[in-house]
Amino acid sequence: MDKRLNEKKAPALARGNGSAHIGNTYDYLPEELKRIFAEAGEPAYRGLQVFEALHKQAVSSWQEATSISKSLRDSLTEEYPLDSFKLKGSLKGSDGTIKLIFETKTKDLVEGVIIPAKYGPALCMSTQIGCPVGCSFCKTGQMGFSGNLSAGEIVLQFILAERYLKKPIESVILMGMGEPMLNFENVTKALEILTHTNGRQLSSRRITVSTVGFPREIRNLATRKHRYNIAFSLQFTSDETRKKYIPVARKQPLQAIFDALEDYYSITSADVTLEYVLFEGINCSNHDARALSYLARWGFSRKINDPDYLVDFFSSGKHMQQLFTRESFKINLIPYNPINTDYDDIGGRAASAFKSPSDDRILDFLNIIKRCGARVTLRKPRGRDIGAACGMLGRIDGNRK
Ligand code: SAH
Ligand code: SF4
């Protein structure tokens, strides 16, 4: 259960004759802040000033927000502390990866990872405290679920990471703890805040939302103002095997997910990536490589199986080649990161059943996909020594109270 749902609202911002509940000031878009300030008897433009101070200037104390009057700075300092979500610690890996540990107001810990990359640092952010999905190979999934992060708490991971690094983060991947589609409103709001023209103005092309596969939310994301890239954690090419390791796969068949991804691509033209964690003896045979290549190119296309569709299609004078206008979705292979290590405190339950394949097998698998003509990349494991690689985010340092 999300115990944070019952949390009391923060005290009202009582100014002039009105009052408003604002809680964490990072949770709001400029329009909302303007309304809140207007309702509290302040001029509405103060709301925009506050948004710009938080997101464009990224002030670490209200007193730095010199565009705001001194008296308002003083009362904001008193009523709305900026440190309700803070950086609690960090760990540096030998490959340059940095794990950031954040503490929420409710003393829960969540993690983010800074990954050095060719075009500047990338940040892997969390969207929930733990994850309700419970995939058996994922450490976050094994730690259970304690609640959603608010939009502001998601945005603050970014702000605090830039403050820590003292340089800009160039791209964001929502691949930390949690399933973004199960915290959809807060996640999409956080992305709107990060990309806002009055704020940090991060390009939506530099943002990737990773999901284990929720068709309704995938389609919903396509209707947003910005086009975010999407990564689907496929892992297994058949529903039968997916259901064994990914509990939600029982409700979300691959056909429905691939249909939603096709729609997402045709609406947004954004990048769609298939994430495929390699587990020795489970999903990395030659047959699996070919099935994966096929899926990346054709999905579970309704079109090629549906005679009515084809008749309509050809009657409109179209050519066979126009049936598919896209190249294959990109496949991203991720060697399994062991979670039953020193960093693991779950006692190596189901997780110990998994192993990463040998380097030779991984290369063979990659080459078969290339020969099939699908686009494929291999993700180098980063931050394994500090428990910061994919799937390794979970309870560390004694963690949740
Ligand atoms: N819930 C979302 C986003 C967070 S998981 C999702 O599942 O997509 C982020 C990524 O870590 C996913 O692609 C997932 O497949 C991968 N992952 C999980 N456990 C892993 C492990 N033990 N080794 C390697 N990758 C793992
Ligand atoms: Fe949740 Fe993603 Fe981990 Fe599955 S892989 S448990 S969906 S965080």
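Definitions and limits used
Residues numbered from 1 in each chain as written. Chains lettered and ligands numbered in written order. Predicted model: local features only at pLDDT ≥ 70, side-chain atom pairs only at ≥ 80, totals over all residues. Helix = DSSP H or I, 4+ residues; strand = E, 2+ residues; numbered from the N terminus. Buried ≥ 20, exposed ≤ 12 C-beta atoms within 10 Å, placed from the backbone. Near = placed C-beta within 6 Å. Nonpolar A, V, L, I, M, F, W, Y, C, P; charged D, E, K, R; others polar. Axes fitted to C-alpha atoms, helices over the stretch in contact; angles between N-to-C directions. Parallel < 35°, antiparallel > 145°, perpendicular 65-115°, else oblique. Left-handed = near helix turned anticlockwise from the far one by under 90°. Contact = placed C-beta atoms within 7 Å. Expected span 1.5 Å × (residues − 1). Pairing = 2+ DSSP bridges. Core = buried A, V, L, I, M, F, W, Y, C linked by C-beta atoms within 7 Å. Domains from an automatic or database assignment.

A. Structural context of the overall build of the protein. Looking only at helices and strands, one finds twelve helices and 14 strands in the protein. In the protein, buried positions account for 45% of the 401 residues.

B. Main features of the site of ligand 2. Around ligand 2, the neighbouring residues are Cys131, Val133, Gly134, Cys135, Cys138, Thr140, Gly141, Gly178, Glu179, Val212 and Ser233. Tallied by class, residues from the shell around ligand 2 come to five nonpolar, five polar and one charged.

C. Examining the site of ligand 1 more closely. Close contacts around ligand 1 come from 17 residues, with Cys138, Ser233, Asn337, Cys390 and Gly391 the closest. Of all the secondary-structure elements, those providing two or more residues to the shell around ligand 1 are strand S10 (207-211) and strand S12 (272-278). Among the residues forming the shell around ligand 1, the class breakdown is nine nonpolar, six polar and two charged.

D. Representation of the packing of helix H10 (residues 286-298) against helix H12 (residues 359-372). Look at H10 against H12: their axes get within 9 Å of each other, and the N-to-C directions meet at 40 degrees. In this view, H10 runs oblique relative to H12, as classed from their interaxial angle. For H10 against H12, the interelement crossing comes out right-handed. Between H10, through Asn286, Ala289, Arg290, Leu292 and Ser293, and H12, the contact on the second element is made entirely by Phe365, Ile368, Ile369 and Cys372. Across the contact of H10 with H12, the residue classes tally to six nonpolar, two polar and one charged.

E. Quick peek at helix H9 (residues 254-268). Counted at 1.5 Å a residue, the expected span for H9 with its 15 residues is 21 Å, and the 21 Å between its end C-alpha atoms agrees. Those residues of H9 lying buried are Ile257, Phe258, Ala260, Leu261, Glu262 and Tyr264. For H9, the elements touching its buried residues are helix H7 (215-222), strand S11 (229-233) and S12. One or two residues past the end of H9 sits Ser269, with phi positive at roughly 55 degrees.

F. Local environment of the sheet that holds S11. The ten strands lie next to each other as S3-S4-S5-S6-S9-S10-S11-S12-S13-S14, forming an open sheet whose pairing is mixed. Two strands bound the open sheet, and with one partner strand each, they are strand S3 (86-92) and strand S14 (376-378). Each strand axis lies, on average, 25 degrees off the axis of its neighbour in the sheet, ignoring direction. Bridge count between S3 and strand S4 (residues 98-103): six bridges; the pairing is antiparallel. Note on S4: the bridge partner recorded for Ser90 is Leu100.

G. Main features of the nonpolar core. Core analysis: the biggest nonpolar cluster contains 103 residues, and Leu123, Val155, Phe158, Ile230, Tyr276, Leu278 and Ile331 have the highest contact counts within it. Sorting elements by how many residues they give to this core places helix H5 (residues 151-165) first, with seven residues. Split by domain, this core shows at least three residues from each of two domains, domain 1 (3-79) and domain 2 (87-386). In this view, Val155 contacts Tyr26, Ala190, Ile193 and Leu194; residues no more than four positions away in its chain are not counted.

H. Broad picture of the packing of H5 against helix H6 (residues 184-195). Contact pair H5 / H6: the axes reach a minimum separation of 8 Å and the direction vectors enclose 45 degrees. By the angle between their axes, H5 is oblique relative to H6. Two packed elements cross with a definite hand, and for H5 against H6 that hand is right-handed. Of H6, the residues touching H5 (which contributes Ala151, Ile154, Val155 and Phe158) are Asn186, Val187, Lys189, Ala190, Ile193 and Leu194.

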